[in-house]
Each structure stands twice: as C-alpha cells, then as structure tokens.
Amino acid sequence: MNAYSFPDHVKLSEESISLITQILRSDPSRRPGLDQLLEHEFFHMGYSIPKLLPVSTLAVPPSETYMKQFIGNSRNTVEIPSSDTVPVSLR
C-alpha cells in the first residue's frame, strides 16, 4: 500500500491531487494510460505549460510568483529567457 500525503503548506488544486493520486496507484493495472493522462482535467484547466523551468524546481516547487505568470494564459508553451532553466517535455 502506498503511504503518502500532500503537504498542507503547498497550494495544490483538486485536479493536481486527483492526477497524482491516479498516477501513484499501487496496482499498475489501475493506473491511467498515457492517453487517459493527457485527457485528465489537470491538463485542460486553461493554464499554459511552461516550456522551461528554473533548475531550482529539481529541489523545490516553483514559487507562487513564478507560476502566476502562466495562470489564464491559454498558449501551450511560454519562452522564459534564462540560463538557469531546464527544458520540459510532455510528449
């Protein structure tokens, strides 16, 4: 049985909690496939997906200030010029 919890001090949407919970199911046959994941409501909330993330996100979540620039932006990718970034790929 998986034993995990979501931290209270980190703001997580119900959609993100749902997605993570589905991905972390103990029984692999109950986990969603790639097509099901891409159709999950989390990926259709109207936010853009950053093309690059700061290297610091390897150790800690991105700051709320950083994430606010993507809220309400309907494009799928955003260029963020910085030498302190790593590429992100969804497919």
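The rules behind these values
- Residues numbered from 1 in each chain as written.
- Predicted model: local features only at pLDDT ≥ 70, side-chain atom pairs only at ≥ 80, totals over all residues.
- Heavy atoms only, no water.
- 1 Å grid on protein atoms, 1.4 Å probe; cavity = no way out; pocket = protein on both sides within 12 Å on 5 of 7 lines; lining within 4 Å.
- Points joined across faces, edges and corners; volume = space filled by probe spheres on them.
- Helix = DSSP H or I, 4+ residues; strand = E, 2+ residues; numbered from the N terminus.
- Nonpolar A, V, L, I, M, F, W, Y, C, P; charged D, E, K, R; others polar.
- Salt bridge = Lys/Arg side-chain N within 4 Å of Asp/Glu carboxyl O.
- Buried < 20%, exposed > 50% of the residue type's maximum accessible area, 1.4 Å probe, protein only.

Undergrad: Which residues make up the layout of surface pockets, and what values do they have?
TA: Roughly 1300 Å³ of internal volume is contained in the largest pocket. Together, 29 residues line the largest pocket, and Lys11, Leu12, Ser16, Phe42 and Met67 are the ones closest to its centre. Elements supplying a minimum of two residues to the lining of the largest pocket: helix 1 (14-23) and helix 3 (64-68). Taken together, the residues of the lining of the largest pocket break down into 18 nonpolar, eight polar and three charged.

Undergrad: Describe the pattern of salt bridges, listing the residues and the values that go with them.
TA: Within this structure, the stated rule accounts for two salt bridges. A salt bridge links Glu64 to Lys11, with the shortest nitrogen-to-oxygen separation between them at 3.5 Å. Remark: Lys11 occurs in the segment before helix 1 and Glu64 occurs in helix 3; sequence separation between them is 53 residues. A relative accessible area of 45% places Glu64 in the partly exposed class. Take Lys11: its relative accessible area is 72%, and that puts it in the exposed class. Between Lys68 and Glu64 there is a salt bridge, and its shortest N-O distance comes to 3.9 Å. Of this pair, Lys68 and Glu64 both sit in helix 3, four residues apart, which is roughly one turn of that helix. Judged by relative accessible area, which is 52%, Lys68 ranks as exposed. Members of the salt-bridge network, linked through shared partners, are Lys11, Glu64 and Lys68.

These values are about where atoms sit, not about what they do.
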